[in-house]
Amino acid sequence: MDIRAEKINAIRAAHREFTKIMGLERCRTCACLHQDMMAAILAGINDIGGSHGTPELSGIRSDFESWLAGANPLNLHQ
């Protein structure tokens, strides 16, 4: 398996887990815990996807963008 395919598989796995996390109301309202990780995954998606991303990768990118945009701006962990 090439590096790009391994990265895409890792992104798929992370997306599955974040889909579970963000499906829970309590976790979604406390998304500030996950912002750094979600931003890093989104950067990875943009890095390997570029303008030649697959439709699946585009959908995953959209989810991460949406989750980051909807993250509670109030830092509950100060």
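Relevant structure appears above.
Residues numbered from 1 in each chain as written. Predicted model: local features only at pLDDT ≥ 70, side-chain atom pairs only at ≥ 80, totals over all residues. Heavy atoms only, no water.

1. Let's talk about helix 3 (residues 35-49)
Between the first and last C-alpha of helix 3 there are 20 Å, a value that for 15 residues agrees with the 21 Å anticipated at 1.5 Å per step. Met38, Ile41, Leu42, Ile45, Ile48 and Gly49 are the residues of helix 3 that are buried. End-on view of helix 3: buried residues confined to an arc of 135°, all on one side of the axis. Residues of helix 3 that are exposed and point over 90 degrees away from its buried face: Asp36 and Asp47. Packing partners of the buried residues in helix 3 comprise helix 1 (3-22) and helix 4 (55-69). (Helix = DSSP H or I, 4+ residues; strand = E, 2+ residues; numbered from the N terminus. Expected span 1.5 Å × (residues − 1). Buried < 20%, exposed > 50% of the residue type's maximum accessible area, 1.4 Å probe, protein only. Arc of directions from axis to C-beta. Contact = heavy atoms within 4.5 Å.)

2. A few points about the side chain of His15
Residue position: His15 is located in helix 1. Here His15 falls in the buried class, since its relative accessible area comes to 14%. His15 has contacts with Ile60, Asp63, Phe64 and Trp67, leaving out every residue within four places of it along the chain.

3. What about the pattern of salt bridges?
Tallied over the full model, the rule gives two salt bridges. Salt-bridge contacts for Arg12 lead to Glu56; the nearest nitrogen and oxygen are separated by 2.9 Å. Of this pair, Arg12 sits in helix 1 while Glu56 sits in helix 4, and the two are 44 residues apart along the sequence. We classify Arg12 as partly exposed; its relative accessible area is 29%. Judged by its relative accessible area of 38%, Glu56 falls in the partly exposed class. Between Lys20 and Glu17 there is a salt bridge; the shortest N-O distance is 3.3 Å. Placement of both Lys20 and Glu17 in helix 1 is noted, with a separation of three residues, approximately one turn of the helix. (Salt bridge = Lys/Arg side-chain N within 4 Å of Asp/Glu carboxyl O.)

4. A look at the packing of helix 1 against helix 4
At a minimum axis separation of 11 Å, helix 1 and helix 4 run at an interaxial angle of 40°. The orientation of helix 1 relative to helix 4 falls into the category oblique. Crossing handedness for the pair helix 1 and helix 4: left-handed. Residues Ile11, Arg12, Ala14, His15, Phe18, Thr19 and Met22 of helix 1 touch helix 4, and the partners they reach there are Glu56, Leu57, Ile60, Asp63, Phe64 and Trp67. The class makeup of the residues in the contact of helix 1 with helix 4 is eight nonpolar, two polar and three charged. (Axes fitted to C-alpha atoms, helices over the stretch in contact; angles between N-to-C directions. Parallel < 35°, antiparallel > 145°, perpendicular 65-115°, else oblique. Left-handed = near helix turned anticlockwise from the far one by under 90°. Nonpolar A, V, L, I, M, F, W, Y, C, P; charged D, E, K, R; others polar.)

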